[in-house]
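Survey of secondary and tertiary structure
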Amino acid sequence: MTRTQPPHKGGAAELRPVSPHLQIYRWQWTMALSIIHRLTGLYISVGIVFLCTKIIVLGFGDANDFAMFTQFNSLKAFLVLKAFFIWCLIYHMLNGVRHLFWDTGRGLGLKAAALSGYTSALFSLLLAVLYWCYWL
Amino acid sequence: MRIVRRTVRLAGFFVLPYRDWTGRGHWLIQRITAVALLPLYVWLLLVAFPNASTAHHAELLLWMHNPVNAVLLYLTIVFSLHHMALGLRTIVEDYIATPSLNALALFCVHWGSFLLMVTALAAVFRILLQS
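All figures in this text were calculated on a predicted structure; none of them were measured in a lab.

Okay, the overall build of chain A next. Within chain A, the secondary structure is distributed over four helices and zero strands. Going from N to C terminus, chain A has its helices and strands arranged as α-α-α-α. For chain A, the proportion of its 136 residues judged to be buried stands at 32%. Nonlocal contacts in chain A, meaning residues at least 24 apart in sequence, comprise 70% of its contacts between residues at least 6 apart. For chain A, the accessible surface area stands at approximately 9,000 Å², while carbon and sulfur atoms represent 71% of it.

The subject of this paragraph is helix α4 (residues 110-135) of chain A. In an α-helix there are 3.6 residues to a turn, and that puts residues three or four apart on one side. Over its 26 residues, α4 of chain A extends 37 Å from the first C-alpha to the last, a length consistent with the 38 Å expected when each residue adds 1.5 Å. Within the span of α4 of chain A, buried status applies to Ala113, Ala114, Gly117, Ser120, Ser124, Ala128, Tyr131 and Trp135 of chain A. Buried residues along α4 of chain A sit against α1 (29-60) and α3 (76-103) of chain A together with α2 (24-52) of chain B.

It is worth spelling out the interface of chain A and chain B at this point. The interface is formed by 39 residues belonging to chain A together with 43 residues belonging to chain B. In total, chain A and chain B occlude about 3,700 Å² of area from one another, counting both sides; carbon and sulfur atoms represent 75% of this. Taken as a group, Arg38, Ile55 and Leu58 of chain A account for 16% of the area that chain A buries against chain B, more than any other trio of residues on that side. Taken together, the links from chain A to chain B amount to two salt bridges. Taken together, the links from chain A to chain B amount to six residue pairs in polar contact (both at pLDDT 80 or more). Broken down by element, the side of chain A that touches chain B gets its largest block of residues, 13 residues, from α1 of chain A. Grouping the constituent residues of the side of chain A that touches chain B by class yields 25 nonpolar, seven polar and seven charged.

About the thresholds
Residues numbered from 1 in each chain as written. Chains lettered and ligands numbered in written order. Predicted model: local features only at pLDDT ≥ 70, side-chain atom pairs only at ≥ 80, totals over all residues. Heavy atoms only, no water. Helix = DSSP H or I, 4+ residues; strand = E, 2+ residues; numbered from the N terminus. Buried < 20%, exposed > 50% of the residue type's maximum accessible area, 1.4 Å probe, protein only. Contact = heavy atoms within 4.5 Å. Areas by Shrake-Rupley, 256 points an atom, 1.4 Å probe, with all protein chains shown as cover. Expected span 1.5 Å × (residues − 1). Buried area = accessible area lost by both parts, 1.4 Å probe. Salt bridge = Lys/Arg side-chain N within 4 Å of Asp/Glu carboxyl O. Polar contact = N/O pair within 3.5 Å; in protein donor to acceptor, adjacent residues only side chain to side chain. Nonpolar A, V, L, I, M, F, W, Y, C, P; charged D, E, K, R; others polar.

Written as structure tokens, this is what we have:
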């Protein structure tokens, strides 16, 4: 079946509640991990836009423009944002591997999903701390 | 009237160029870019960031003159922004229920990331071609 227009343009469908029905689910940790995946994705998007802007300034501006763009890079607040970006990236990658495994039909049971979730969360923290020690 | 309808459909394609709304292409491209991004981000975290993220102007230009770095950066930008556009689109679809705002946000996500990608790639090329 091929739809030719977005589903919300279908009249009665417009009145249906939208996707994540957070209010009616019992709270679970795996749920939090899934939400964090989305939030980290959002934050990584902000970081990617920043990095692309930096490349654009480097490519089309001169040394002066670049200095202006990077003048806040030595601030403590910027370092915190950068460190958080690193953790978000590592978490999103590990959890993304989990998603790719699920796509092959493996690890979808309750126990397996919970275990892999805790593992990826723990490892992301561990790797991020290691990375901060090595690089920041 | 047929030509009007066709024009409207063509205009709609330029506003949001998705051929169908079943999400098959979305799903597939999200997975393909995810797999491609895994090694690229290992490179970015372990090689590119330590070498380039705190570099000064001249150092960074020199680093990006290296064709290997430039090509890997090029691939990272292409796949990252593609993956980003798809992810942000999902977020917009899930949380912005008002149809007009939803369409506006999708438009901004799609063309904003496209514009950013093209400009960043042009910048990478420009640096590579500079002597």
